Amino acid sequence: MPHPESVLLGLSKLNNILEVDPKARTARLQPGVTNLAISEAAAAHGLYYGPDPSSQIACSIGGNVAENSGGVHCLKYGLTVHNLLCVEMLTVEGERTTLGGGGLDSPGYDLMALVTGSEGLLGIVTEVTVKLLPCPEVARVVMAGFDSVRAAGDAVGAVIAAGIIPAGLEMMDALAIQAAEDFAQAGYPKEAQALLLCELDGTAEEVDQHVEAVTNIFNQHGASSLRVSSDDAERALLWKGRKSAFPAIGRLSADYYCMDGTIPRSQVSHVLEEISKLSAKYQLRCANVFHAGDGNLHPLIMFDSGDPQQLARAERFGADILELSVAVGGCITGEHGVGLEKLNQMPSQFSEAELHQFEDIKHAFDPALTLNPGKGIPILKRCQEYRALPRRHSHD
Amino acid sequence: MTDALQQLAARVCAAKADATPLYVHGGNTKKHLLGRTCSVERTLDISKYRGISHYQPQELVISARAGTPISELESALAEQGQMLPFEPPRYAGQATIGGTLAGNLSGPGRPWLGSIRDSVLGVQLINGSGQILEFGGKVMKNVAGYDVSRLQAGALGTLGVICEVHLKVLPLPEASVTLARDTSPDEALALMTNYAGQPKPLTGACWVNGKLYLRLAGAASAVEHTAQIWGGDRVDGAIWTQLQDMTHSFFTPSAELWRLATTPTAPCSDQADQCIDWGGSQRWLRTPPASIPQGAHLNLFSGGDRQTEVRGKLDQVQQTLQLRLKKAFDPAGILNPGRLYSWM
Ligand SMILES: Cc1cc2nc3c(=O)[nH]c(=O)nc-3n(C[C@H](O)[C@H](O)[C@H](O)COP(=O)(O)OP(=O)(O)OC[C@H]3O[C@@H](n4cnc5c(N)ncnc54)[C@H](O)[C@@H]3O)c2cc1C
Ligand SMILES: Cc1cc2nc3c(=O)[nH]c(=O)nc-3n(C[C@H](O)[C@H](O)[C@H](O)COP(=O)(O)OP(=O)(O)OC[C@H]3O[C@@H](n4cnc5c(N)ncnc54)[C@H](O)[C@@H]3O)c2cc1C
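Keep in mind the model is a prediction, meaning the values are calculated, not measured.

Focus: the interface of chain B and chain A
- The interface of chain B with chain A comprises 75 residues on the first partner and 87 residues on the second.
- Carbon and sulfur atoms make up 58% of the area that chain B and chain A hide from each other, which totals about 6,500 Å².
- Three residues, B:Lys141, B:Val143 and B:Tyr146, lead the burial of chain B against chain A; their summed loss comes to 15% of the area buried on that side.
- At the junction of chain B and chain A, the tally comes to seven salt bridges.
- The partner of A:Glu335 in a salt bridge is B:Lys141, with the nearest N and O atoms 2.7 Å apart.
- Summed over the shared surface of chain B and chain A, the number is 32 residue pairs in polar contact (both at pLDDT 80 or more).
- If one sorts the elements of the side of chain B that touches chain A by residue count, helix α10 (residues 316-329) of chain B sits on top with nine residues.
- Of the residues contributing to the side of chain B that touches chain A, the split by class is 36 nonpolar, 23 polar and 16 charged.

This is how it looks when you write it as structure tokens:
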């Protein structure tokens, strides 16, 4: 959503893959190259690009750098910031500089880390060099249904405690399971209260060893149904339901509002219980998909934007979820960024001095506040007004 | 907020008030490493601000005050079968977690397991105005606000006094095998790139004293099977600890030690005395190379003249940005002045 008086700078036509270096395992890209196109170009060399946001067919590497995007594989393979080597940037003065380099360390401050996730507020990314990973020999998915969110949450903890870092570990609640199954016919157990999808990758021996261990853990935690993919087609089918969860919810409701809080994994059943109370309070349905491996929760609040009251309730519901995430020790955004929408929640995560520090950083790069004005970091006057509002809920 | 923390903040406020710079230190193991000599008389010792403040093995997250020795963290983690992924040097038990973050030091697993820059989730720090600030958090993903935590990695304490650090940790590998073979450094580099391109559990690749060493770590079945395919002599894993703590005989002489961060495919130096680590991405040299490969950065890690610049030159644009960033955190320039660059 651009500022009404701003000029839009579209970078999507800068979409050339400049170089893939299979020996150094890197790819040099213009900022408009889509995330998926990187892995497609690297595939010829048995390599791929790790972070895989669900939006990967459409989102650009420049946008990924700006948002520090993750994906279902980020517990094991990291976020965008872990997979970058070098970023070429234009400053607001129009001067070009290269952050990072060919090696893993740079001489001064790590400006590449600072720019990653800065929502386009510090500069314009004009070229990106990413690290590529060898494609795993084998990947398999274990799918399990559970009778309660708590049992599924405990099973997630037990997998981590067993020393296994799955390539992906996703959870869905009952409403999300049903919607996804109706949409994708992936064979999900529609009666389950929670579903886990656990992807294990690596060498053939390692995957066999880990599939067995994870299957045992899921059974010990009372899985009501269990299925292990036997080939890549079945694996793709099991993922299809999860990956189409958003459009599937889109069929149940005129509109939905996707939240993005991150919470400590152990809090998931508590947080989902609170969300269902809020759902009753605001009289709006909410389906939950959860990057369970890394604690990133995506509640999808269903509403009808034709009804202004519903829109207002959805926004308050969303704000309550974010404040709940902070209250249990998490944060307001795991991967979608603050933008305009979450500006009001920034003061629930940060003190005034911290917000001032952010402002000073912005000033160091963009003193006239030219880039993406009004986004990412709240203007302090606005937070004071928001803080002054009566508290709209309590976490009882 | 503890009294000790308030006292640290008060020291910074006082330093700002009388415009007297501070040299911040923990175990003081890195005073002569990484950066320039910081000739500042007043010191701020944070080594007593220590202790693990929070550890939940199932969340893969540990938090500790900055003065906590690395060895203390490692033993607490080992009890739960976990580790610091970035294998930092322990410098005989003296190195602290705060100093490790400030120096961004990491061990031989760097290309595969990351550095502390990759593991840090959040920090509490005191900026140059004496304000106690928290950034990031104890969760794996967090994109609210700028990533100030990661910015501390390698800043050598010039942006703030690091007080507490939250880190992502990993399970200890089930099995680990080290393979060794005699090669020239050129051959070693070619082999390292070849092996690193394969989907196998490689977590270390170095060359020193005429030998290539490869470390396989992870699920026992995968480690064993890969070791059989790749071949070579099976040796104990002492080499990795020697690289991590820099206790290997290569590092013993106190002469100039240069660190070149480069692509693994950059040509090999013809210097006799060199050590190649990080699968070719890190080259330790005793004299600066005649030419620096494209995109590479050179740092005088230890020894030599530490009154001049020891870090690679920045272009004018970055020099301006970095200086403004320094001012944004430390307007009075009281935190470790000149430690990173003479002009900073
Ligand atoms: C259906 C759906 C699923 C999603 N799933 C995920 C997911 O799984 N994980 C995840 O992390 N995110 C996800 N996202 C969020 C989003 O896709 C990512 O944040 C993505 O990285 C945005 O890229 P984009 O190219 O669309 O950027 P845009 O939307 O075009 O831009 C995003 C921001 O980055 C800035 N920007 C863009 N390019 C540049 C540049 N070159 N230089 C400087 N600033 C720039 C823009 O100003 C803007 O502030 C999802 C979004 C949708 C709609
Ligand atoms: C994950 C996901 C799955 C979805 N699945 C489905 C689905 O299965 N079925 C379905 O029907 N919908 C689906 N949608 C919604 C669908 O994407 C949008 O309804 C539609 O594609 C929006 O078009 P857009 O992105 O071009 O417009 P937007 O980018 O959303 O446009 C934003 C606003 O910009 C303005 N605008 C856009 N283009 C122009 C232009 N060229 N000139 C001037 N103003 C302009 C418009 O006023 C518009 O209100 C899905 C959305 C998401 C995020």
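Brief notes about the nonpolar core
- With 162 residues, the main nonpolar core has A:Val130, A:Phe146, A:Phe218, A:Phe358, A:Phe365 and B:Leu325 as its most contacted residues.
- Looking at which element gives the most residues to this core, the answer is helix α5 (residues 149-161) of chain A, with eight residues.
- Ignoring anything within four residues of it in the chain, the contact list for A:Val130 reads A:Arg25, A:Thr26, A:Ala27, A:Leu29, A:Ile38, A:Tyr49, A:Ile61, A:Asn83, A:Leu84 and A:Leu85.
- In this structure, A:Met143, A:Ile177, A:Trp239 and A:Ala248 belong to the second largest nonpolar core, which totals 23 residues.

Concerning the site of ligand 1
All names here are of chain A.
- In the vicinity of ligand 1 lie 23 residues, with Ser55, Ser60, Asn64, Ser69 and Val125 positioned nearest.
- Take Gly63: an N or O atom from its main chain is 3.3 Å from an oxygen atom of ligand 1.
- At 2.9 Å, a side-chain N or O of Asn372 approaches an oxygen atom of ligand 1.
- If ligand 1 stood free it would expose 980 Å²; the protein chains cover 69% of that surface.
- Elements that contribute at least two residues to the shell around ligand 1 include exactly α2 (61-67) and β6 (124-131).
- Looking at which element gives the most residues to the shell around ligand 1, the answer is α2, with five residues.

Remarks on the domain arrangement of chain B
Residues and elements named next belong to chain B.
- For chain B, the assigned domains are domain 1 (3-171 + 319-329) and domain 2 (175-302).
- Between the C-alpha centres of domain 1 and domain 2 the distance comes to 27 Å.
- Each partner contributes to the interface: domain 1 provides 18 residues, whereas domain 2 provides 20 residues.
- Carbon and sulfur atoms supply 56% of the area buried between domain 1 and domain 2, which totals about 1,500 Å² over both sides.
- Three residues stand out in domain 1 for area buried against domain 2, namely Leu34, Pro108 and Trp112, and they jointly supply 43% of the buried area on that side.
- Applying the counting rule to domain 1 against domain 2 returns two salt bridges.
- Residue Arg215 is joined to Glu87 by a salt bridge in which the shortest nitrogen-to-oxygen separation is 2.9 Å.
- On inspection of domain 1 and its partner domain 2, the count reaches eight residue pairs in polar contact (both at pLDDT 80 or more).
- When residues of the side of domain 1 that touches domain 2 are assigned to their parent elements, the largest contribution, four residues, is made by helix α4 (residues 110-113).
- Tallied by class, residues from the side of domain 1 that touches domain 2 come to ten nonpolar, four polar and four charged.

Here we look at the pattern of salt bridges
Residue and element names in this part refer to chain A.
- Taken as a whole and judged by the stated rule, the model has 32 salt bridges over all chains.
- Arg28 serves as the salt-bridge partner of Glu127, at 3.0 Å between the closest nitrogen and oxygen. In this pair, Glu127 is assigned in strand β6 and Arg28 in strand β2 (residues 26-29), connecting sequence segments 99 residues apart.
- One salt bridge in this structure joins Asp232 and Arg235, with 3.3 Å as the shortest N-O distance. Here Asp232 and its partner Arg235 are both found in helix α8 (residues 232-243), three residues apart, which amounts to about one turn of the helix.
- On the basis of relative accessible area, Asp232 is assigned to the partly exposed category, the value being 49%.
- Note on Arg235: relative accessible area 21%, which makes it partly exposed.

Comments concerning the domain arrangement of chain A
Residue and element names in this part refer to chain A.
- Domains assigned within chain A are domain 1 (17-134), domain 2 (138-245), domain 3 (253-337) and domain 4 (345-388).
- With centres defined by C-alpha atoms, the gap from domain 1 to domain 4 works out at 26 Å.
- Taken together, the contact pairs ten residues of domain 1 with ten residues of domain 4.
- Both faces considered, domain 1 and domain 4 share a buried interface measuring about 960 Å² in area, 74% of it formed by carbon and sulfur atoms.
- Taken as a group, Val92, Leu121 and Leu122 account for 59% of the area that domain 1 buries against domain 4, more than any other trio of residues on that side.
- At the surface where domain 1 touches domain 4, the tally comes to zero salt bridges.
- In this assembly, domain 1 and domain 4 are joined by two residue pairs in polar contact (both at pLDDT 80 or more).
- Across the side of domain 1 that touches domain 4, the residue classes break down as seven nonpolar, two polar and one charged.

A look at the side chain of B:Gln282
All names here are of chain B.
- Within the secondary structure, Gln282 is located in strand β16 (residues 282-285).
- When its relative accessible area of 3% is taken as the criterion, Gln282 is described as buried.
- Here Arg259 takes part through its side chain, which lies 3.4 Å from a polar atom of the side chain of Gln282.
- Once residues lying within four places of it in the same chain are set aside, the contact partners of Gln282 are Arg259, Leu260, Cys275, Ile276 and Asp277.

Details of the confidence of the model for chain B
- Per-residue confidence for chain B gives a mean pLDDT of 94; residues scoring 70 or more make up 100%.
- For this predicted complex, the interface confidence score (ipTM) comes to 0.95, while the overall pTM stands at 0.89.

Re the packing of α5(A) against helix α7 (residues 204-220) of chain A
All names here are of chain A.
- Between α5 and α7, the shortest axis-to-axis distance is 9 Å and the interhelical angle comes to 145 degrees. Between α5 and α7 lies a crossing whose hand is right-handed. Counting all contacts with α5, which are made through Ala155, Ala158 and Val159, the residues of α7 involved are Val214, Ile217 and Phe218.
- In the contact of α5 with α7, the residues fall into six nonpolar, no polar and no charged.

So, the packing of α7(A) against helix α8 (residues 220-230) of chain B
- Look at α7(A) against α8(B): their axes get within 7 Å of each other, and the N-to-C directions meet at 165 degrees. For the element pair α7(A) / α8(B), the angle class is roughly antiparallel. Considering how the two elements wind past one another, α7(A) and α8(B) form a crossing that is right-handed. Contact residues: α7(A) offers A:Glu205, A:Glu206 and A:Gln209, while α8(B) offers B:Ala220, B:Ser221, B:Ala222 and B:His225.
- Among the residues making up the contact of α7(A) with α8(B), the classes are represented as two nonpolar, three polar and two charged.

Description of the sheet that holds strand β14 (residues 296-303) of chain A
Residues and elements named next belong to chain A.
- Ordered by their spatial adjacency, seven strands build an open sheet running β11-β8-β10-β9-β13-β14-β12, and the pairing between neighbours is antiparallel. This sheet does not close on itself; its edge strands, each paired only once, are β11 (225-228) and β12 (255-258). Averaged over all pairs of adjacent strands, the angle between their axes in this sheet comes to 15 degrees, without regard to strand direction.
- Across the sheet, α8 touches β8 (138-146), β9 (168-173), β10 (194-202), β11, β13 (286-291) and β14, and the angle it forms with β8 is around 45 degrees.

Thresholds, definitions, all that
Residues numbered from 1 in each chain as written. Chains lettered and ligands numbered in written order. Predicted model: local features only at pLDDT ≥ 70, side-chain atom pairs only at ≥ 80, totals over all residues. Heavy atoms only, no water. Contact = heavy atoms within 4.5 Å. Buried area = accessible area lost by both parts, 1.4 Å probe. Salt bridge = Lys/Arg side-chain N within 4 Å of Asp/Glu carboxyl O. Polar contact = N/O pair within 3.5 Å; in protein donor to acceptor, adjacent residues only side chain to side chain. Helix = DSSP H or I, 4+ residues; strand = E, 2+ residues; numbered from the N terminus. Nonpolar A, V, L, I, M, F, W, Y, C, P; charged D, E, K, R; others polar. Core = buried A, V, L, I, M, F, W, Y, C linked by side-chain atoms within 4.5 Å. Buried < 20%, exposed > 50% of the residue type's maximum accessible area, 1.4 Å probe, protein only. Near = heavy atom within 4 Å. Areas by Shrake-Rupley, 256 points an atom, 1.4 Å probe, with all protein chains shown as cover. Domains from an automatic or database assignment. pLDDT = per-residue confidence, 0-100. Axes fitted to C-alpha atoms, helices over the stretch in contact; angles between N-to-C directions. Left-handed = near helix turned anticlockwise from the far one by under 90°. Parallel < 35°, antiparallel > 145°, perpendicular 65-115°, else oblique. Pairing = 2+ DSSP bridges.

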